Structure formats: C-alpha cells, structure tokens
Amino acid sequence: MEATTFVLFGATGDLARRKIYPALYNLFLDHKLNHSFSVIGLGRREVADEAFQAMVERSIRDFSRREVKDSASVRSFLKSFRYNVLDVGHTEDYKKLLQRVEQQEKRAGGSPNRMFYLSVGPEFFETIAFNIKQSGLGNAKGWKRLVIEKPFGHDLLSAQELNQKLSEAFTEEEIYRIDHYLGKPMVQELDVFQQSNPVLHALWNNRYISNVQITAAETVGVEERAGYYDHVGALRDMFQNHMLQLLMMLAIRLPKDSSPDEVRFKKKEVMEALESLDEGDVQFNVVRGQYTAGTIQGKPVQGYLSEPGIPAGSTNDTFIAARLQIDDPFWKDVPFYIRTGKRMKEKSTRIVIEFKEPLKQSSSAGENDIPNLLVFEISPNEGLTLQLKARDPQHKGKFKAMHIDFHTSSIEVPEAYENLIHDALHGDPSFFAHWNEVELSWKWVQPILNAFDKNTVPLHTYAAGSFGPAESDQLLAKKGHHWWLDTAEAANGVEEEENDVSLPDASNF
Ligand SMILES: NC(=O)C1=CN([C@@H]2O[C@H](COP(=O)(O)OP(=O)(O)OC[C@H]3O[C@@H](n4cnc5c(N)ncnc54)[C@H](OP(=O)(O)O)[C@@H]3O)[C@@H](O)[C@H]2O)C=CC1
Ligand SMILES: O=C1O[C@H](COP(=O)(O)O)[C@@H](O)[C@H](O)[C@H]1O
C-alpha cells in the first residue's frame, strides 16, 4: 500500500472508537499499514494531538479483539494520529485541513493518496463531499477515495438524490459504501465455498435446494438510539441493506477468480431478477412486528413502547420477515425467507439452506422431520455445519441428524471493519455496496415502505425473548416450510444423541 492520509470525519464518535481505531490497530499489528500511513481525525471539539492519541489508545484497549500488551508497538501505532478541528459547514476549516494534509504528505513523499472516511451522521455527507471538492482537498496527487457509512438514504428518492450529489465530487469507482455485513469473514467466504467446492457448486440451484432462510436476530433493543431507530425501523436499519446484501452474496453464481466488477455485475443481476412486490401484495409476503415486554436470558425486559424516547403509539417495526423469489434459472421457485429483529431470543446471524428430500414420496411418517441442512453461522460465532439425515443404529427404522461441523475462534477472525478498511485502502471494492445494488434494494423495499406508511400491513406484536410473531412462522408454513434452528433441540438435531464429526480446519472441508 502506498503512502496514504486517512482523513476521518467524526473522529470523536462512537463508531470511530468502537470499530475504526481497533480495526486500524489490528491491521497495523498484521503489517498491513504502510509506514507512511497517517490519520487526521476531525470533529468540532478542540482536542490536542496528545489527547487524541490517548483517546485512540483507550479505544484499542477497550475494543481491540487482541489484548493490547506491547506498549512499544502501541506508541509506534499512535505516532501516526493527529487531530484537527473541523465543523462540516465551515469552509475555512477545510482550507486549514488541506494545509495539514499537505504538510503530512510532504513528510511522506511520493504521490500520496487521500482516503476520506465519513463516520458522521448522513445529513453531513453531501456538505462534506461538496467541501472536499471546493477546498482542493479532492486534488490528491495519488488516488482519492470516499468511504461512507450507512444509512444511504431514507427511501428510493432520497438515496438517488444523495448519490447524485456525491457523484459531483467523487466517481462511482472512488466511492466505498460500507455495509459492515459484507466485511464479516463468513460472508466473504460464501462465494468461495460455492465456487471452489464441486459438491456445493453442483447443489447450488433449485434442483436440490428447497428454500433458503436468512436470519439476523438480536437480543438488544432500541438502546439509546430511539431518535434514530423510531424513524427507520428494522426494514431500513437492517433489511434494505444488510439482509439484501446477504441474499445477493448467497445467490450469486460467480466464475472462479472473478474480478470486483464481475462480482458487482452478478449481484446486480440477482437484484434485477428479484420478483418485485406490488403494494397490495406486501401483506401476503411480509410480516411486520414490534416487541412487547418479555424475558431475555432470564432477565425481564420492557416492550418497545416503554423504551425511553419512543413516542406513545409508535407503529415502528422492530421485526421484519419476508418471502422473496428470484426469477432466474438457478433459483426459480426457491423461496428465500429473510427475518431480522430486535429483542429476540438469541444473538445470531445465520443462513440455513434446506435441501430437497429426494425420496420424499417413499418416506415413512415423521421421517421428514430431519432435514438435510447446510448452515452458515456468520456471527457472533463463525462456522459451517452440514446436517445430514442418517439411520439411527440404536433405534431400528428411525433416523437421526448427523452433523459435520467447523467453527473458528473469534480471536483468529478479523473483525468486519478490518477487512473493509483494508480493502478500501487497497482499492478493492468487491465487498462494498455499488450504487446499482443500493438503488435496486431501495426499489424492492419501496412498496413495503409505502404499505407500512398507509398501514395496510398489520403490525404484529411478539414477546421479547421469542423468535418474532407467530405470523412469521405462518409465512413459511404456507409453503410447507419451517424456520430451522429456532430452538436448542433443533440446533442439535432432532435427537439429542447426534453424531458429531468435527473437522480440525477448513481445509479439510
Ligand atoms: N455507532 C455505530 O455502531 C454505527 C454507526 N454508523 C454510522 O456511522 C456514523 C457515525 O455514527 P456514530 O459514531 O455512532 O455517531 P456519534 O454521534 O457517536 O459521532 C458523531 C461524530 O460526528 C462529529 N460531528 C457531529 N457534528 C459535526 C459537525 N457539525 N461537524 C463536524 N463533526 C461533527 C462528532 O464530533 P464533535 O461532536 O466533536 O463535532 C462525532 O465525532 C453515522 O452515519 C451512523 O449512522 C453505522 C453503523 C454502526
Ligand atoms: O447496522 C446495524 O447493525 C447492528 C447489528 O450488527 P451486528 O454486526 O451486531 O449483527 C444493529 O444492531 C444496528 O441496529 C444496525 O444499525
């Protein structure tokens, strides 16, 4: 990587402290940052360079996945950090910033590059992009890139307007839209599993797959984000971006060693093939929910309407489940079920692929209760499980689930932001959301937003600590399907005594 100045808007904020500094620190430890890499943190508060470095140090001590032990390497890491006051609306602050960046670049020599990372509220994105251009900060000797956080728009129209404004200062190739789910290591493996493994490759279609289930369940509630969350809900906060990205990553069929352009092209094709919903059909394909009081991990928790900052009678969605269909030769007639919600029974993001029963017509009653599943555990644990239906030698005529498992330990796994910052620094956009995908996602979601606004879709309640409203189970039951792995028994197979075949490492798979 060439000399780069990492210009961080929102350097004193929550995301920078919890995610960005720890990610940079781990990249530094892994020798993935050039010795001429430097950071200029920005915010309205007056902060001296030393105080800023102390803040970064606290952040890595509190949030790095690796224990921070070696003080010499911490000092060496912190040397690259400087701070400048900047209010996004003050044009003179950008001029001062330009001077500071140029000083830094002079020290680094060569043709330095500039990466502008916007870790600030989305209301500032346009103003910052405009001022970067106006001030001359956009005239880097090397490359320039813009990394932006979600949310990208509030609906289709606002996303299109935002994109138009950003494109006046940066080309599409220079814009890196973060979707942190794309940085999760298991998500980055999905295409590789499918491309490089002849077994999976052969099975990856509607001949063998019955349905796909994508779940992102959270145990947390709205926390301190009522002001933000009550305006977005689960549909905008998780579904339009993270969940549809997971669907794209699972459904794309890529040739081996595809270029970033091919990846993006194929993802766009998936979104284009997604059958659109008419506003009137939303109620038959989408379940919206809101949590009421309940118990999570033995502790009582309050309902959404009692959370601080939530207006009385809010109809905001804290849970969404939907059935989607991809109309292409590989996925036609394979339902993709997606659900995501707050205050659910467990924290878990996973994709479950249920295979068809080849001998269904000759099955005896009850036999079908043990499905053949492939499960991608994405977070918080990383792993892969193949559940196979096998004969139970102890109970003649019965079947049991046999599991082939692979799991990694979280300390070995790079955090999503490490992967994404590394890729942005190296100019690899494969795991960033291209505008085409973002626009097509909003287009797909827009009829649901309209239906919610008009209240034509019932708002179902679900008790905190459950897996969402009963209507979400009915959504699958209509087609004879069932959410798998909702209970410990299901996760362990139908029988308690399962056969586990644990694999020592992924290369054996
Ligand atoms: N926190 C998270 O986990 C996640 C956040 N995001 C997104 O990341 C972005 C940042 O979120 P987060 O860190 O939580 O937000 P915070 O509110 O914690 O931080 C906001 C940052 O913006 C700066 N800021 C605010 N107003 C101005 C201004 N007028 N001029 C210059 N700087 C300003 C603040 O510094 P100062 O007060 O010194 O000006 C602060 O550093 C948002 O877009 C959010 O949606 C996305 C995913 C997860
Ligand atoms: O983007 C968001 O993601 C988090 C969930 O992320 P995860 O990596 O913990 O699965 C969610 O809590 C938050 O509401 C949303 O804005």
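Remember, it's a predicted structure, so these values are computed and weren't measured experimentally.

## Let's talk about helix α3 (residues 71–78)
Turning to α3, its buried residues are Ser 73, Val 74, Phe 77 and Leu 78. Viewed along the axis of α3, the buried residues span an arc of 135 degrees, placing them on a single side of the element. Residues of α3 that are buried in the fold lie against α1 (14–29), α2 (49–63) and β3 (81–85). You can read the cap of α3 off the contacts: a side-chain oxygen lies 3.1 Å from the backbone nitrogen of Ala 72, and it is on Asp 70.

## Concerning the UniProt feature "domain: Glucose-6-phosphate dehydrogenase NAD-binding" (unreviewed entry) in the protein
Per the UniProt entry, the sites bearing "domain: Glucose-6-phosphate dehydrogenase NAD-binding" (unreviewed entry) are residues 7–188 in this numbering. The distance separating the terminal C-alpha atoms of residues 7–188 is 26 Å; by composition the span is 46% helix and 15% strand.

## Topic: the packing of α1 against α3
Two numbers describe how α1 lies on α3: the axes approach to 11 Å, and their chain directions differ by 115 degrees. With respect to α3, the element α1 is oriented roughly perpendicular. Classified by chirality, the crossing of α3 by α1 is right-handed. Of the residues in α3, those touching α1 at Tyr 21, Leu 24, Tyr 25, Phe 28 and Leu 29 are Ser 73, Val 74, Ser 76 and Phe 77. Considered class by class, the residues forming the contact of α1 with α3 number 7 nonpolar, 2 polar and no charged.

## Looking at the site of ligand 2
Around ligand 2, the structure places Lys 150, His 180, Tyr 181, Lys 184, Glu 218, Arg 225, Asp 237, Met 238, His 242, Lys 342 and Lys 347. One of the side-chain nitrogen or oxygen atoms of Glu 218 is found 2.5 Å away from an oxygen atom of ligand 2. Side-chain polar atom of His 242 to an oxygen atom of ligand 2: 2.8 Å apart, as the coordinates give it. Here ligand 2 has 390 Å² of accessible area as a free molecule, and 80% of this is covered by the chains. Of the residues belonging to the shell around ligand 2, the class tally is 2 nonpolar, 2 polar and 7 charged.

## Some details on the pattern of salt bridges
Enumeration over the complete set of coordinates arrives at 20 salt bridges. As a salt-bridge pair, Lys 19 and Glu 415 come within 3.2 Å of each other at their nearest N and O atoms. Of this pair, Lys 19 sits in helix α1 while Glu 415 sits in the loop between β16 (399–408) and α12 (416–425); the two residues are 396 residues apart in sequence, bridging distant segments of the chain. Its relative accessible area of 22% is what places Lys 19 among the partly exposed residues. Overall, the relative accessible area of 29% leaves Glu 415 in the partly exposed class. Linking Lys 268 and Glu 272 is a salt bridge whose minimum nitrogen-to-oxygen distance equals 3.4 Å. Taken together, the positions of Lys 268 and Glu 272, both in helix α10 (residues 260–273) and 4 residues apart, correspond to about one turn of that helix. The exposure class assigned to Glu 272 is partly exposed, which follows from its relative accessible area of 47%. Look at the salt bridges and you will find they share partners, linking Asp 30, Arg 65, Arg 66 and Glu 418 into a network.

## Some points on the side chain of Glu 307
In this fold, Glu 307 is placed in the loop between β10 (299–301) and β11 (319–325). Arg 343 is the oppositely charged side chain nearest to the buried, salt-bridge-free Glu 307, at an N-O distance of 4.2 Å. Within polar-contact distance, the side chain of Glu 307 engages the side chain of Gln 302 at 3.2 Å. Not counting residues up to four positions away in its chain, the partners in contact with Glu 307 are Gly 221, Val 222, Tyr 291, Gln 302 and Arg 343.

## Details of the site of ligand 1
By nearness alone, 21 residues border ligand 1, and Thr 12, Arg 18, Arg 44, Arg 45 and Val 120 come closest of all. Gly 10 is positioned with one of its backbone polar atoms (N or O) 3.3 Å from an oxygen atom of ligand 1. Lys 150 has a polar backbone atom sitting 3.0 Å from an oxygen atom of ligand 1. Its free accessible area being 890 Å², ligand 1 has 77% of it covered by the protein chains.

## Comments concerning empty space enclosed by the protein
Overall, the coordinates contain 4 cavities of 30 Å³ or more when judged by the stated rule. Of the voids in this model, the largest cavity is the one considered here, and its volume is about 170 Å³. Looking at the largest cavity, it is lined by 16 residues, and the ones nearest its centre are Phe 152, Asp 179, Asn 241, Ala 433 and Val 438. Counting residues per element, the ones that place at least two in the lining of the largest cavity are α9 (226–251) and α13 (435–453). Among the elements that take part in the lining of the largest cavity, α9 stands out by supplying 4 residues, more than any other. A breakdown of the residues in the lining of the largest cavity according to their chemical character gives 7 nonpolar, 4 polar and 5 charged. Estimated volume of the second largest cavity: approximately 40 Å³. If you trace the second largest cavity, you find it lined by Pro 151, Phe 152, Gly 153, Tyr 228, Val 232, Arg 236, Asp 237, Gln 240, Asn 241 and Trp 442.

Cut-off values and rules
Residues numbered from 1 in each chain as written. Chains lettered and ligands numbered in written order. Predicted model: local features only at pLDDT ≥ 70, side-chain atom pairs only at ≥ 80, totals over all residues. Heavy atoms only, no water. Buried < 20%, exposed > 50% of the residue type's maximum accessible area, 1.4 Å probe, protein only. Helix = DSSP H or I, 4+ residues; strand = E, 2+ residues; numbered from the N terminus. Arc of directions from axis to C-beta. Contact = heavy atoms within 4.5 Å. Polar contact = N/O pair within 3.5 Å; in protein donor to acceptor, adjacent residues only side chain to side chain. UniProt positions renumbered as here; feature names shortened; annotations may be inferred. Axes fitted to C-alpha atoms, helices over the stretch in contact; angles between N-to-C directions. Parallel < 35°, antiparallel > 145°, perpendicular 65-115°, else oblique. Left-handed = near helix turned anticlockwise from the far one by under 90°. Nonpolar A, V, L, I, M, F, W, Y, C, P; charged D, E, K, R; others polar. Near = heavy atom within 4 Å. Areas by Shrake-Rupley, 256 points an atom, 1.4 Å probe, with all protein chains shown as cover. Salt bridge = Lys/Arg side-chain N within 4 Å of Asp/Glu carboxyl O. Lys, Arg positive; Asp, Glu negative; His and termini not counted. 1 Å grid on protein atoms, 1.4 Å probe; cavity = no way out; pocket = protein on both sides within 12 Å on 5 of 7 lines; lining within 4 Å. Points joined across faces, edges and corners; volume = space filled by probe spheres on them.

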